[in-house]
Amino acid sequence: VLQVVTEKHTSDAEISSTSYSNVFSKAITPTLNTSKILVLVSGGRWAMYSSNTYEGYYSVRRDSTEIMHGLQVIREIGNNIASGTLSVSYLDSPSTSSSVTYSLDAKSTNSSKTVFVCNAISPITMTLMEIGA
């Protein structure tokens, strides 16, 4: 492991867009263009309320390139849907020694319904680990 950068995002993130919207981003500058970057994203609250007619999606991007995505809703409780926390990892090969920015984006499938991604009580952490190769 050549370097580790991490950030905890504690600001309210409430997404009602049907297009991906940025929740937060973190940059890293690899020391070698052959390095791998292990991207770890965890936490949040990923809640939806008062309807079971929409879904929340996440996307992890390197600069403008999507490297992974998924559906984050997994259960219904009464009339509320909640999936709890996000926990994803991805081993990326950016092939550069220039700065790269990794971002977490989210979207709702219904523009009148909000996906509550994180807040101060339920933050999301992104950790980027450069692994020499």
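Residues numbered from 1 in each chain as written. Predicted model: local features only at pLDDT ≥ 70, side-chain atom pairs only at ≥ 80, totals over all residues. Heavy atoms only, no water.

Chemist: I'm lost on unusual backbone geometry in this one. Help?
Modeler: Glycine aside, residues mostly have negative phi angles, and peptide bonds mostly take the trans form. Positive phi values are uncommon outside glycine, yet aspartate 63 reaches one of about 50°. Structurally, the position occupied by aspartate 63 is in the loop between strand 6 (56-62) and strand 7 (65-71). At serine 95, a residue that is not glycine, the phi angle is positive and equals roughly 55°. Summarising the element assignment, serine 95 is placed in the loop between strand 10 (86-92) and strand 11 (100-108). (Helix = DSSP H or I, 4+ residues; strand = E, 2+ residues; numbered from the N terminus.)

Chemist: Explain the sheet that holds strand 1 (residues 3-9) to me, please; I cannot follow it from the model alone.
Modeler: On the basis of which strands lie adjacent, the open sheet formed by four strands has the order 1-13-4-10 and antiparallel pairing. Of all the strands in the sheet, just strand 1 and strand 10 have a single pairing partner and so form its edges. Taken over all neighbouring pairs, the strand axes of this sheet differ in orientation by 10° on average, direction set aside. Of the strand pairs in this sheet, strand 4 (residues 36-43) and strand 10 are connected by seven bridges, and their pairing is antiparallel. By the bridge assignment for strand 10, valine 39 is matched with tyrosine 90. (Pairing = 2+ DSSP bridges. Axes fitted to C-alpha atoms, helices over the stretch in contact; angles between N-to-C directions.)

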